[in-house]
Amino acid sequence: MQKEMIALLPAIRRFAYSLTGSVHDADDLLQSTVERVLAKGVPDDVDLKKWMFRVCKNIFIDDYRARKVRLKAAEQPELREASVVDGESIVQAHIRLKEVHAAMAELPDDQRTVISMVAIQGLPFKEVAEILEIPLGTVMSRLGRARAFLTSRFKQQPERSPA
């Protein structure tokens, strides 16, 4: 198979060049094609030449799609424009996060576990009940008590206003 593959390399490279339009990109595509064929093998009932062309085309399409997604993401204003770092906001966010961690630490273990699974992990109540092996009503009760505690804890603290 390796001798056949070596004999096919010029044709696959030309094909890769026709897809990419760049010698450099064609060489990368050829290398990826050979790596994939060597790693995954060739099905027994398939012609190696057809298989290598198909693998090359599929890798090109996958790369094209990934590049398109990256370009689309790069066009988003929040990613494109250089953000001004607001040190005060960052510090306030860190302080708030520490306050939330401290409040969560004050919760009883059973309530902290339930609110973490529901609010942070996003698990449905029924799944939480199954995981913890407790009734659904108990999950809802613990969650309600945890939310009430956290709400009252943060209502007591005055809201920080920017200076």
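For the structure, check the block above.
Definitions and limits used
- Residues numbered from 1 in each chain as written.
- Predicted model: local features only at pLDDT ≥ 70, side-chain atom pairs only at ≥ 80, totals over all residues.
- Heavy atoms only, no water.
- Axes fitted to C-alpha atoms, helices over the stretch in contact; angles between N-to-C directions.
- Helix = DSSP H or I, 4+ residues; strand = E, 2+ residues; numbered from the N terminus.
- Left-handed = near helix turned anticlockwise from the far one by under 90°.
- Contact = heavy atoms within 4.5 Å.
- Nonpolar A, V, L, I, M, F, W, Y, C, P; charged D, E, K, R; others polar.
- Parallel < 35°, antiparallel > 145°, perpendicular 65-115°, else oblique.
- Salt bridge = Lys/Arg side-chain N within 4 Å of Asp/Glu carboxyl O.
- Phe/Tyr/Trp six-rings, centres within 6.5 Å; stacked < 30°, edge-to-face > 60°.
- Buried < 20%, exposed > 50% of the residue type's maximum accessible area, 1.4 Å probe, protein only.

Let's talk about the packing of helix 1 (residues 2–20) against helix 3 (residues 48–74)
It is the contact of helix 1 with helix 3, at a shortest axis distance of 10 Å, that shows an interaxial angle of 35°. The interaxial crossing formed by helix 1 with helix 3 has right-handed handedness. On the side of helix 1, the interface is formed by Glu4, Met5, Leu8, Leu9, Ala11, Ile12, Phe15, Ala16, Leu19 and Thr20, while helix 3 contributes Leu48, Lys49, Met52, Phe53, Cys56, Lys57 and Phe60. Split by residue class, the contact of helix 1 with helix 3 holds 13 nonpolar, one polar and three charged.

What to know about the packing of helix 5 (residues 87–106) against helix 8 (residues 136–156)
The description of two packed helices rests on the angle between their axes and on the distance between the axes. For the pair helix 5 and helix 8, interaxial distance at closest approach is 10 Å and the crossing angle is 135°. Taken together, helix 5 and helix 8 sit at an angle that is classed as oblique. In terms of crossing hand, the pair formed by helix 5 and helix 8 is right-handed. Between helix 5 and helix 8, the residues in contact are Arg96, Glu99, Val100, Ala102, Ala103, Met104 and Glu106 and Phe149, Leu150, Arg153 and Phe154, respectively. Grouping the amino acids of the contact of helix 5 with helix 8 by side-chain chemistry returns seven nonpolar, no polar and four charged.

Describing the pattern of salt bridges
Where side chains of opposite charge bring their charged atoms close, a pairing between them can arise. The tally for this structure, following the rule as stated, stands at five salt bridges. Here Arg96 ties to Glu99 by a salt bridge, and the two come within 3.1 Å at their closest N and O atoms. Here the residue Arg96 and the residue Glu99 both occupy positions in helix 5, the gap between them amounting to three residues, near one helical turn.

As for the packing of aromatic side chains
This model, assessed by the stated rule, comprises two aromatic pairs. Ring plane angle 65° and centroid distance 5.1 Å describe the contact between Phe15 and Phe53, whose orientation is recorded as edge-to-face. Taken together, the positions of Phe15 in helix 1 and Phe53 in helix 3 put the pair 38 residues apart, joining distant regions of the chain. Judged by its relative accessible area of 23%, Phe15 falls in the partly exposed class. Taken together, a centroid distance of 6.5 Å and an interplanar angle of 25° make the contact between Phe60 and Tyr64 stacked. Pair noted here: Phe60 and Tyr64 are both in helix 3, with a separation of four residues, about one helical turn. The exposure class of Phe60 is buried, given its relative accessible area of 18%. Residue class for Tyr64 comes out partly exposed when judged on its relative accessible area of 43%.

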